[in-house]
Amino acid sequence: MIELKNVTRRFGDTVAVDGIDLAIETGEVCVLVGSSGCGKSTTLRMINRLLPHSSGEIRVDGKDITTLNPERLRLNMGYVIQGTGLFPHWTVARNIALVPRLLKWPQARVDARVRELMTLLDLDPDTYANKYPAQLSGGQAQRVGVARALAADPNILLMDEPFGALDAITRENLQLEMLRIQRQVRKTTVFVTHDIDEALKLATRIAVMDQGRIVQHDTPENILRHPASEFVENLVGKQDRGLKLMSLRPVRELMTAHARPRPATPGADALGEDDSLREALSVMLCRNLTQLPVCNGRGEETGVIARERIIRDGV
Ligand SMILES: Nc1ncnc2c1ncn2[C@@H]1O[C@H](COP(=O)(O)OP(=O)(O)OP(=O)(O)O)[C@@H](O)[C@H]1O
């Protein structure tokens, strides 16, 4: 668990972070969101002591971080930044192995871990382990950055706009991958972005920041349903809040399930149970359909979802 109590950070006369309180439970993904310069990165960097806080208290698993050795603290916190920060003259494998080697793991264990992580991040080890960062696409390099952060299995993951420099499709893929990985490894994560859609997709809780303060800290659904101020309302978008709420709910919640799974009709369009209601509605509107079959992860048809049901009950 990470707790910030009345934490302030000043740079000369600038108050970058202004007396914030924030509690992040173990296993949560807390996304810090807000406009440029509101103090998101400063908050993140105070948690791993890259920046000292001017006043207040930061505790990790109950321990005041100023009483802990900063290097040891950081070894337990994976850190991913925009632009990856990979060492350009090191291979992918060596970059990922950085922290395990600092921890003096035996070489065989390091090698096995590098392969395991590359596979988890969908990077074929035989193809990419010996490449250099300059030989990778932006998305691949960012995956290596995430693999490096996870290498020594830290309890905490700090991510500062990790997907900010990527094109929309690569960004979406990495977001989906992050959700998949999070289901598997469940790290306490603090994630900085200025993209509210990214925040809504990834967060268990969102902390909205404005001018160094936290103006709302709540679940994505509550932020959308009950924005605490006009600032938050504008941030989440006044016009498309209904669609954003639909994007938080999976098809499985409103589908009519078959009594038992049946083989999917070959070649037919189908949705996945975990696709969002928003995606389902969008597909049906585009193709002028009133309903669509829904399939499970094994490709069996488990039910149907109707357009009218989404419109009636989706928000
Ligand atoms: N090293 C520094 N020296 C002086 N001022 C700084 C320093 N780092 C940050 N600041 C100031 O502190 C404030 C908060 O900066 P911070 O980088 O935390 O914002 P942010 O929300 O992460 O912004 P962005 O989304 O643009 O990265 C800004 O006004 C910034 O100019």
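Residues numbered from 1 in each chain as written. Predicted model: local features only at pLDDT ≥ 70, side-chain atom pairs only at ≥ 80, totals over all residues.

(A) The arrangement of helix 13 (residues 277-287) in detail. Among the residues of helix 13, those classed as buried are Leu-277, Arg-278, Ala-280 and Met-284. Viewed end-on, helix 13 has its buried residues packed into an arc of 160°, placing them on one side of the element. Within helix 13, the exposed residues directed more than 90 degrees away from the buried face are Cys-286 and Arg-287. Looking at the buried positions of helix 13, the neighbouring elements they touch are helix 12 (241-247), strand 12 (271-272), strand 13 (291-295), strand 14 (300-306) and helix 14 (307-313). (Buried ≥ 20, exposed ≤ 12 C-beta atoms within 10 Å, placed from the backbone. Helix = DSSP H or I, 4+ residues; strand = E, 2+ residues; numbered from the N terminus. Arc of directions from axis to C-beta. Contact = placed C-beta atoms within 7 Å.)

(B) Structural view of the domain arrangement of the protein chain. For the protein chain, the assigned domains read domain 1 (2-245) and domain 2 (251-313). The C-alpha centroid of domain 2 is placed 33 Å from the C-alpha centroid of domain 1. (Domains from an automatic or database assignment.)

(C) Inspection of unusual backbone geometry at higher detail. For Gln-211, which is not glycine, the phi torsion reads 50° and is therefore positive. For Gln-211, a count of 15 C-beta atoms within 10 Å gives the class partly exposed. One non-glycine residue with positive phi stands out, namely Asn-288, at about 55°. Mapping Asn-288 onto the fold places it in the loop between helix 13 and strand 13. For Asn-288, a count of 7 C-beta atoms within 10 Å gives the class exposed.

(D) The arrangement of the site of the ligand in detail. Around the ligand, the surrounding shell consists of Phe-11, Thr-14, Ala-16, Gly-34, Ser-36, Gly-37, Cys-38, Gly-39, Lys-40, Ser-41, Thr-42 and His-194. Among the elements that make up the shell around the ligand, the one with the highest residue count is helix 1 (residues 40-47) (three residues). Looking at side-chain class alone, the shell around the ligand contains three nonpolar, eight polar and one charged residues. (Near = placed C-beta within 6 Å. Nonpolar A, V, L, I, M, F, W, Y, C, P; charged D, E, K, R; others polar.)

(E) Seen up close, the UniProt feature "domain: CBS" (unreviewed entry) in the protein chain. Taking the numbering used here, the UniProt-annotated feature "domain: CBS" (unreviewed entry) corresponds to residues 264-315. Secondary structure over residues 264-315 splits into 35% helix and 27% strand, and the C-alpha atoms at its two ends are 29 Å apart. (UniProt positions renumbered as here; feature names shortened; annotations may be inferred.)

(F) Main features of the nonpolar core. Counting 66 residues, the largest nonpolar core has Val-31, Leu-32, Ile-96, Ala-147, Leu-158, Val-190 and Val-208 as the members making the most contacts within it. With six residues, helix 7 (residues 138-150) is the single largest residue contributor to this core. If sequence neighbours within four positions are ignored, Val-190 has contacts with Ile-2, Ile-24, Cys-30, Leu-32, Leu-44, Ile-47 and Leu-158. Residues Met-255, Leu-271, Ala-280 and Ile-305 belong to the second largest nonpolar core, which totals 12 residues. (Core = buried A, V, L, I, M, F, W, Y, C linked by C-beta atoms within 7 Å.)

(G) Layout of the sheet that holds strand 5 (residues 63-64). One open sheet accounts for four strands, arranged 2-1-4-5; its pairing is antiparallel. Of all the strands in the sheet, just strand 2 (14-24) and strand 5 have a single pairing partner and so form its edges. As defined by bridge partners, strand 1 (residues 2-11) adjoins strand 2 across seven bridges and the pair is classed as antiparallel. Across the sheet, Leu-4 pairs through a bridge with Leu-22, a residue of strand 2. (Pairing = 2+ DSSP bridges.)

(H) The sheet that holds strand 10 (residues 213-218), seen in detail. Reading across from one edge, 6-7-8-3-9-10 is the order of the six strands in this open sheet, with mixed pairing throughout. Two strands in the sheet have a free side with no partner beyond their single neighbour: strand 6 (77-81) and strand 10. The average undirected angle you get between the axes of adjacent strands in this sheet is 15°. Across five bridges, strand 7 (residues 156-160) lies against strand 8 (residues 188-193) in parallel orientation. Among the inter-strand pairings, Ile-156 is bridged to a residue of strand 8, identified as Thr-188. Sheet strands touched by helix 7: strand 6 and strand 7. Its angle to strand 6, the strand with the most contacts, is close to 165°. (Axes fitted to C-alpha atoms, helices over the stretch in contact; angles between N-to-C directions.)

(I) Inspection of the environment of Gln-184 at higher detail. Take Gln-184: it is sitting in helix 8 (residues 168-185). Owing to 8 C-beta atoms within 10 Å, Gln-184 belongs among the exposed residues under this scheme. Between the alpha carbons of Gln-184 and Leu-120 there is a distance of 9.7 Å; along the sequence they are 64 residues apart.

(J) Summary view of helix 8. A rise of 1.5 Å per residue sets the reference length of helix 8, with its 18 residues, at 26 Å; its end C-alpha atoms lie 25 Å apart and thus fit the reference within 8%. Phi turns positive, to about 45°, at Arg-186, one or two residues after helix 8. (Expected span 1.5 Å × (residues − 1).)

(K) Fine view of the packing of helix 7 against helix 8. Close contact between helix 7 and helix 8 brings their axes to 10 Å; oriented N to C, the two are set at 20°. By the angle between their directions, the pair helix 7 and helix 8 is classed as roughly parallel. Both helix 7 and helix 8 take part in a crossing whose hand is right-handed. Of helix 8, the residues touching helix 7 (which contributes Gly-138, Gly-139, Gln-142 and Leu-150) are Thr-170, Asn-173, Leu-174 and Val-185. (Parallel < 35°, antiparallel > 145°, perpendicular 65-115°, else oblique. Left-handed = near helix turned anticlockwise from the far one by under 90°.)

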